[in-house]
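# Structural features, examined
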Amino acid sequence: SGLPTVGPAEVAVNFPASISPALMGKSPTMQMTFKLLARLSAQSVPVLIQAETGSGKAMIAQTLHEMGQFSHRAFETLSLSKVSPAAHEEILFGPDGIYHKAQKGSLFINAIDQLSSDAQMALARRIENVRLSGSQPQSPRIIAGTTLDLKTLVDQGLFRDDLYFDLSVGTLKVPPLRERLEDIGQLASHFCEQLNQEFSAQRQISTDAVEFLQSYH
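Residues numbered from 1 in each chain as written. Predicted model: local features only at pLDDT ≥ 70, side-chain atom pairs only at ≥ 80, totals over all residues. Heavy atoms only, no water.

### Comments concerning the pattern of salt bridges
Considering all chains together, one arrives at five salt bridges under this definition. With its nearest N and O atoms 2.6 Å apart, the salt bridge here joins Asp166 to Arg131. Of the two residues, Asp166 is situated in helix α7 (residues 161-167) and Arg131 in helix α5 (residues 117-133); the sequence distance between them amounts to 35 residues. Judged by its relative accessible area of 6%, Asp166 is buried. Residue Asp183 is joined to Arg180 by a salt bridge in which the shortest nitrogen-to-oxygen separation is 3.1 Å. Residues Asp183 and Arg180 agree in their burial class; the two are buried. (Salt bridge = Lys/Arg side-chain N within 4 Å of Asp/Glu carboxyl O. Helix = DSSP H or I, 4+ residues; strand = E, 2+ residues; numbered from the N terminus. Buried < 20%, exposed > 50% of the residue type's maximum accessible area, 1.4 Å probe, protein only.)

Have a look at this one:
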């Protein structure tokens with residue numbers, strides 16, 4: 001199946017039928033990343049996914065949701081880079097807000113670093129209420145995505161420190177491809193096979209082509 005392995009001492013999780021390309025790789029760094037994902041999937045704490053643009057944070061968040069015990073519940077996503085800051089609080093927490101649509105499931109908020117100050121306060125309060133009550137079955141699990149170091153934004157006064165503390169309880173840092181060149185061959189072959197099926201072709205990625213791809217920063 002190409003799935004990274006999790007040792008017998010690891011938690012029991014709902015392994016997906018196939019691995020997302022965003023988590024694909026046999027390098028030690030990706031094996032560790034997947035094992036951490038497995039541990040986090042068995043918990044209900046918020047998770048902060050830190051990865052570069054184009055790393056597939058939404059796919060990673062969905063995998064985290066699907067591996068968890070509430071995989072049968074809703075999985076909702078919101079990319080803040082596509083929404084005006086003035087509308088953040090209403091879209092998230094209004095009567096028809098996405099926070100309510102994701103109840104009992106998972107809510108992935110991408111570009112969390114762009115969240116408006118009012119929405120930051122509202123989200124921090126909801127996470128705090130869940131933590132203080134011990135359990136709120138109607139509340140979704142919060143998964144946040146960012147390309148930035150939120151701690152730096154906190155130090156600059158641009159992000160709430162209490163919200164950062166809550167979101168970073170479970171932090172998943174996904175290494176870029178340039179730090180795991182050995183995974184490029186597997187990824188290239190995966191996408192080549194997808195294209196073969198789409199176009200009824202039988203192409204292969206040559207060793208020279210993989211080495212050429214690996215030469216890029």
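### Re the packing of aromatic side chains
In this description, an aromatic ring pair is defined by two values, namely the gap between the centres and the angle between the planes. Scanning all chains against the criterion turns up two aromatic pairs. When the centroid spacing of 5.3 Å and the interplanar angle of 55° are considered together, the rings of Phe93 and Tyr99 count as tilted. Aromatic pair Phe212 and Tyr216: ring centres 5.6 Å apart, planes at 90°, arrangement edge-to-face. What makes Phe212 exposed here is its relative accessible area of 52%. Judged by relative accessible area, which is 53%, Tyr216 ranks as exposed. When the ring centre of Phe93 is taken as origin, the NZ or CZ atom of Arg126, which lies over that ring, is 4.0 Å away. Of note, Arg126 hangs over the ring of Tyr99, and the distance from its end group to the ring centre comes to 5.6 Å. (Phe/Tyr/Trp six-rings, centres within 6.5 Å; stacked < 30°, edge-to-face > 60°. Lys NZ or Arg CZ within 6 Å of the ring centre and 35° of its normal.)

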